[in-house]
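So you can see what is in the structure, the chains are spelled out below.
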Amino acid sequence: MNVIGIAVISAIAFSALLGMIVGMIKGFAKVSSWGVEYLLTCALTLPIGAILKKNMVTDERTLAIAGVVTLVLALVFLIIFRLTSGMFRAIFRRSKEKKMAQGKRKKGPSGFFDVIFGGFTLGVKCAVITGMISAFILVALDVSQLAIVESMQDIYTSGAYTAFKPYLMDCMYIALMLLALKCGYHSGISNVLWTFIMLGLVVFAGIASYNLAFNVQTFKGIEDSISGKVNEFISSFAGAEAQSISELIAKIIITAVIFILMLVVVLIINAFVPKLLCYARDSKLFYSIDGVLGSVIAVAITLGILLVIGNILQPFTADLEKYRFIETFSSYFKGGSFAGYFVNDNLMTLFGVPQVLPVVQWLG
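The model shown is predicted, which means the values in this text are computed figures rather than measured ones.

1. Re the overall build of the protein chain
Point 1. Secondary structure summary: the protein chain contains 12 helices and zero strands in total.
Point 2. Along the chain direction, N to C, the helices and strands of the protein chain fall in the order α-α-α-α-α-α-α-α-α-α-α-α.
Point 3. Taken over C-alpha atoms, the radius of gyration comes to 28 Å for the protein chain, far larger than the 21 Å a tight globule of 364 residues would show.
Point 4. By its C-alpha atoms, the protein chain is 80 × 70 × 45 Å across when sized along the principal axes.
Point 5. By residue count, 36% of the 364 residues in the protein chain fall in the buried class.
Point 6. For the protein chain, restricting intrachain contacts to residue pairs at least 6 apart in sequence, the fraction spanning at least 24 positions comes to 79%.
Point 7. A total accessible area of about 20700 Å² is found for the protein chain, and carbon and sulfur atoms account for 74% of it.

Right under this line is the structure:
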């Protein structure tokens, strides 16, 4: 076996062992189980997706339907496993709180199963993180076609790598969906909306500053004062255009000052509103509703970005004879049952959505 392969396996095994030890000390109630949820989702989604593609697909329409069903199943599995793990974690926490109230335990896991599940889930999580990082690096190197890749061909041509290759991108895309769900739930839709509001306020401040400086006569006196001083400085080398240049510079200075003052007000508002949102999210009901809506928005944005990127790349992957530079990248989306719906068999394209950016036409 190649040295790099041995190093990857050793890193995964070591991280799993370390995670298992820490998890057993902390207990299941205090560790995150998304690694197990992720593996279970992949284990169910990928074979079901393969079955759907094999038995259901006859044309582009049925291929698109199979893709949507596979996508929905992945989301459903992620949500179900998330809720299930949360339920079990709540049981262990209540057991620990009960024992602490009775004086039977002060800290650490609540019991034997808390120890076992804690070690298992954290061990799996650490192994998944290490495995995903290793897979990403290997795929990135292969796609980059750097000189170092030539010395690693025994890895890329090995039986293990070729067997897992069709599913690497499947697993990475499901990981992105899981990440979107987690981040969306923890941040909530309120924070997302407030971020957009803040961006809107900054843009508004910029537009308002420009209009006030360039179109409102109230600042004419200040403008004349500044332009007069600027004119004295540049008249020696600007010539006949000194007056117009000095007036433009004066307006730009006024715009910048107004924008900074407005930005200070926006930052003051931003210092208080997020704290109010945090207080509101102390309510379990508000936190749950806000989190669910945040997850929906985060997943929708993530899937939208991935589909748009695939929609742009799809014409290149459809003509690999002409665009050989993308051949290696495209090969990672063949043979799987999930990620291909984002690139080679892009769902947007299958549903008749034209190419978002006609890059192929631009390149001729």
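2. Brief notes about helix α1 (residues 3–26)
Since the α-helix turns once every 3.6 residues, residues separated by three or four places project in the same direction.
Point 1. Its 24 residues give α1 an end-to-end C-alpha distance of 34 Å, which sits within 8% of 34 Å, the value for a rise of 1.5 Å per residue.
Point 2. Taken together, the buried positions of α1 are Gly5, Ser15, Ala16, Gly19 and Gly23.
Point 3. Buried positions along α1 lie against α4 (112–144) and α5 (153–156).
Point 4. Two residues or fewer past α1, Gly27 is found with a positive phi of approximately 95 degrees.

3. Overview of the nonpolar core
Point 1. Ranked by internal contacts, the top residues of the largest apolar core, which has 47 residues, are Tyr161, Met169, Tyr173, Met177, Tyr332, Phe338 and Phe342.
Point 2. Of all the secondary structure elements, the ones that give two or more residues to this core are α2 (34–56), α3 (60–101), α4, α5, α6 (159–215), α9 (284–317) and α11 (347–350).
Point 3. Examining the composition of this core, we find that 10 residues originate from one element, α6, more than from any other.
Point 4. Discounting chain neighbours no more than four positions away, the residues touching Tyr173 are Leu306, Phe333, Phe338, Ala339, Phe342 and Val343.

4. Some remarks on α6
Point 1. Between its first and last C-alpha atoms α6 spans 70 Å; for 57 residues at 1.5 Å apiece the expected length is 84 Å, and the helix comes up short by more than 12%.
Point 2. Taking the largest bend as the criterion, α6 deviates by roughly 85 degrees, centred on Gly188.

5. Examining the packing of α6 against α9
Point 1. Across the interface, α6 lies against α9 with an axial gap of 5 Å and an inter-helix angle of 135 degrees. The angle between α6 and α9 falls in the class oblique. In this structure, the crossing between α6 and α9 has a hand that is right-handed.
Point 2. Among the residues forming the contact of α6 with α9, the class breakdown is 16 nonpolar, 10 polar and one charged.

Each value, and the rule that gives it
Residues numbered from 1 in each chain as written. Predicted model: local features only at pLDDT ≥ 70, side-chain atom pairs only at ≥ 80, totals over all residues. Heavy atoms only, no water. Helix = DSSP H or I, 4+ residues; strand = E, 2+ residues; numbered from the N terminus. Rg over C-alpha atoms; globule rule 2.2 N^0.38 Å. Buried < 20%, exposed > 50% of the residue type's maximum accessible area, 1.4 Å probe, protein only. Contact = heavy atoms within 4.5 Å. Areas by Shrake-Rupley, 256 points an atom, 1.4 Å probe, with all protein chains shown as cover. Expected span 1.5 Å × (residues − 1). Core = buried A, V, L, I, M, F, W, Y, C linked by side-chain atoms within 4.5 Å. Bend = angle between axes of the 7 residues up to and from the residue. Axes fitted to C-alpha atoms, helices over the stretch in contact; angles between N-to-C directions. Parallel < 35°, antiparallel > 145°, perpendicular 65-115°, else oblique. Left-handed = near helix turned anticlockwise from the far one by under 90°. Nonpolar A, V, L, I, M, F, W, Y, C, P; charged D, E, K, R; others polar.

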